[in-house]
Amino acid sequence: MTVRILTGNESAAWGARLARVQVVAAYPITPQSPVVETISAWVQAGELPAEFIAVESEHSAMSVCIGASTAGARTFTATSSNGLAYMTEQIWWAAGARLPIVMCVANRSLAAPWNVLNDQQDSMSVRDAGWIQLHCRDNQEILDTVVQAYRIAERLNLPVMVCYDGFLLSHTAMPVEVPTPEAVDAFLPPRPAPLQVIDPADPRNIGPVVIADRRRDAGGVLRGGYMELRAAHHEALLSALDVVAETADEWERSTGRSTGGLVVQHRLDDAEVVLVAAGSLVTQLTLVADGLRDRGVAVGVLGIRCYRPFPVEALRERLSGVRAALVFDKALSYGYAGPIAADLRAALYGVDGAPAVYGAVCGLGGREVTPEALTDAALSALADARAGVRERAVAWVGRLSEEVSR
Amino acid sequence: MSGAMVEVRWHGRGGQGAVTAAKILAQAAYLSGWESVTAAPSFGAERRGAPVTASTRMAHEKIRVLSQVTAPDVVVVLDDSLLSAVDVAAGLKQGGVVILNTVEPTLALKVPEGARVVRADVTGAAQAAGVVVGGQPIVNTAILGAFAAATGLVMLPAVEQAIAATFSESAAARNVEAARLAYECVQE
C-alpha cells in the first residue's frame, strides 16, 4: 500500500488499473476527461496491458463496451453530463443485456444552458435504466468502489455506475491509499466466463428480438418473453442489496477500510433531525451535524451510498423514531420533487413512527453549498418538525432571491 | 497560523501552473506531517493568460470542507501583474501572509492589520536554475521554496521530494534547484 495525493479522477483511473481492466473505450468530456487521459497514458507507456479504444462519441463508447463485455472482457468507461445523456440508449442496452460493465460518472449538470459544474442531474436521469448506482463521499471511496464494483457486477451480471461529484472530488486532490496489485487480485479474481461465449464454431444470435410471447432460445428451450426478462432483471437488482453490502464488508476485512455498504451514518443516536444526501455532500454534512451537536441540537447524517437498488429496509431502520429527515438533492424531477426525497418518502409511507420527509434542492450547476446554508436549512427543518409539519414544499438552499432578474 | 486548518489560495495566470503548484504543495505538506491535505483548482473553465486561482488546505484531522477558499491564511501570487487586476488579499486572515513573486520592493499591497507581505524574486530563481520553457521562466515550483521559507508550514526537503516525484529526472533537478534558490531569497 502506498499513499498518493490523487484527484478523484486519478483515483478512478487507479481503481480501473488495479481491477486489471482489459478494454477501455471513452470520449472526453469535462470533468471526467482526466480519468481516461490517465488510463490512456498508462496503456501507451505499457504500464496497463489493456486495449484503449478512442471513439467518436459517448454512444460509441458504450457500444464498444457492450461488444467487449459480451466477448468476455473486463470493460471500463467514464463520462459526465451530456456525454451520459448521449449514451443513454446504450446504457439501457448494457443493462438489459446483463453485461458487467463498470462506468464512472463524474457528476455534472445537464444543458441547456451549458454549465460544466457539479450537480447530480446526469446520473439521476438514468436511475431507472437497470444499473446499480453507487455514490462516493471522497477520493478514497472512488478507488475502493471501482474495485468493488467489478466484483458486484460480475457476480450479478449487472452494470455498475460509480458516481462522484464533478470538480468537488474529480478535480480535488487528497491523500488516497493505493493498495498493492496483489491485495486487489486476492479480492477480485479474473472475470468469470461470460454467459454467452462468442465462438465462430458455435454461432449464436445474441440480443435477438423478444416479443411479448414466450419463445424458444438458441438451444430450442422454451423461455419467457420480454416481461419475464425484465422481471428477472428487477429481481437481480433487488438481490444486489445483499451483494453490495457483503462486498463492502469483504473489502473492509481485506483492506481495513470501510466504504459503507448500502448507507453510511454519522451521529444518528437520538437524532431529532437526520440530514440525508448522496456523494460528497455527505462529507460536508458531517461537519454541519458536528457543529449543531456542539450547540446541543441533535442532528445526524445518513448518506446513501447505494442509490439503485434503493436500500428501503436500511433507511427505514436507521430513521425509525426520528422526527424529520431533511433530504438534500442535487437534482430535481421538474414539476415534482428531488429524486432522493421522493424515493425516501415512498419508502417510509405507511411505516409506524416514520419521520416527516422534507426535500431541499441545492448545488445545481455548481452553486456553492456552504456549511452556513446547510446549517440554516437543518434548523428550519427542526423547527417545522417540532411544530408537527408533515408536508413541505421543496426548499431551495443557496438560491439567490434578491436583485436577480431571470 | 491560527486554527486547526491552514488554507492557502494561489493566484496566477492560466498556463503558469498554479494548479500544479497547489497539488505539489499538498504533497509536500503531507510529507511534512499534515495528515490531511487537499488541493483544487478554482472550479470551471479557464483561459490561458487570464487570472486564475487554486487552493491548498492542510490539517491534522480529516478535511471535510470542499468549498473554495475565501478566508486564506496564506496567499501566493505567482505574477505581480495580477495586483492591478485582482484583489489578491481579499479575505486574508489576520496574521496571514502574502507571498509575492516580484523584483519591485516598493510595490504597494493593502493587507489586513497584522498580516505580512513576503517578497521574493522567484522569476530570477527559476531563470538561474534553468527552469525556462519557450523562453519564459516557469515559477510555480520555485515559489514552493519561498513558501517553505516564508511560512515554515512545510519543510524544504519535503518540497524537494514532492517536486522530484512530479517531474522526470533532469527536469526535477532543475525545479528542485529553483525552489532552493527561491528559499534563500525571501524578504519581508
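What you see is a predicted model, and the numbers here were worked out from it, not measured in a lab.

K.L.:
Can you break down the sheet that holds strand S4 (residues 75-79) of chain A residue by residue, with the values?
P.N.:
Residue and element names in this part refer to chain A. Within the open sheet, the seven strands sit side by side as S3-S2-S4-S5-S7-S6-S14. Their pairing is mixed. What marks the edges here is a single partner per strand, and that holds for strand S3 (51-54) and strand S14 (306-308). The mean angle between the axes of side-by-side strands here comes to 20°, regardless of whether they run parallel or antiparallel. Of the strand pairs in this sheet, strand S2 (residues 23-26) and S4 are connected by two bridges, and their pairing is parallel. If you follow Val23 over to S4, its bridge partner there is Thr75. Across the sheet, helix H7 (residues 139-156) lies against S4, strand S5 (102-107), strand S6 (132-135) and strand S7 (160-165), angled at about 165° from S7, the strand it touches most.

K.L.:
Describe in detail helix H3 (residues 142-151) of chain B, supporting the description with residues and values.
P.N.:
Residue and element names in this part refer to chain B. In terms of burial, H3 is largely enclosed, as nine of its ten residues are buried. Residues of H3 that are buried: Ala142, Ile143, Leu144, Gly145, Ala146, Phe147, Ala148, Ala150 and Thr151. Just past H3, the residue Gly152 takes up positive phi, approximately 65°.

K.L.:
With reference to specific residues and values, describe the side chain of Asn118 of chain A.
P.N.:
All names here are of chain A. Within the element layout of this structure, Asn118 appears in the loop between S5 and helix H6 (121-124). For Asn118, a relative accessible area of 4% translates into the label buried. Separated by 2.9 Å, the side chains of Asn118 and Lys330 make a polar contact. Among residues more than four places away in sequence, those in contact with Asn118 are Asn107, Arg108, Ser109, Asp165, Gly166, Leu168, Lys330, Gly363, Leu364, Gly365 and Gly366.

K.L.:
Give a description of the sheet that holds strand S12 (residues 273-277) of chain A that names residues and reports values.
P.N.:
Residues and elements named next belong to chain A. Pairing in this open sheet of six strands is mixed, and the strands run S11-S13-S12-S15-S16-S17 from one edge to the other. Edge positions in the sheet fall to strand S11 (263-266) and strand S17 (395-397), since each has one partner strand and no second. Taken pair by pair, the neighbouring strands of this sheet meet at an average axis angle of 25°, ignoring direction. Inspection of the sheet shows S11 paired to strand S13 (residues 299-304) by four bridges, in the antiparallel sense. Each residue of the ladder has a partner; that of His266, found in S13, is Val301. Contacts from helix H10 (residues 280-294) reach S11, S12, S13, strand S15 (324-329) and strand S16 (356-362), with the element oriented near 170° to S13. The strands touched by helix H13 (residues 371-386) are S12, S15, S16 and S17; relative to S15, the strand with the most contacts, the crossing angle is about 145°.

K.L.:
An account of the packing of aromatic side chains is needed here, citing residue identities and associated values.
P.N.:
Residues and elements named next belong to chain A. All chains considered together, the criterion is met by three aromatic pairs over all chains. Between the aromatic rings of Phe187 and Trp251, the centroid separation amounts to 4.9 Å while the plane-to-plane angle is 80°, which identifies the pairing as edge-to-face. Of this pair, Phe187 sits in helix H8 (residues 181-187) while Trp251 sits in helix H9 (residues 226-255), and the two are 64 residues apart along the sequence. Taken as a pair, Phe187 and Trp251 share a single burial class, namely buried. When the centroid spacing of 5.8 Å and the interplanar angle of 85° are considered together, the rings of Tyr307 and Phe310 count as edge-to-face. Each member of the pair, Tyr307 as well as Phe310, carries the same accessibility label: buried.

About the criteria used
- Residues numbered from 1 in each chain as written.
- Chains lettered and ligands numbered in written order.
- Predicted model: local features only at pLDDT ≥ 70, side-chain atom pairs only at ≥ 80, totals over all residues.
- Heavy atoms only, no water.
- Pairing = 2+ DSSP bridges.
- Helix = DSSP H or I, 4+ residues; strand = E, 2+ residues; numbered from the N terminus.
- Axes fitted to C-alpha atoms, helices over the stretch in contact; angles between N-to-C directions.
- Contact = heavy atoms within 4.5 Å.
- Buried < 20%, exposed > 50% of the residue type's maximum accessible area, 1.4 Å probe, protein only.
- Polar contact = N/O pair within 3.5 Å; in protein donor to acceptor, adjacent residues only side chain to side chain.
- Phe/Tyr/Trp six-rings, centres within 6.5 Å; stacked < 30°, edge-to-face > 60°.

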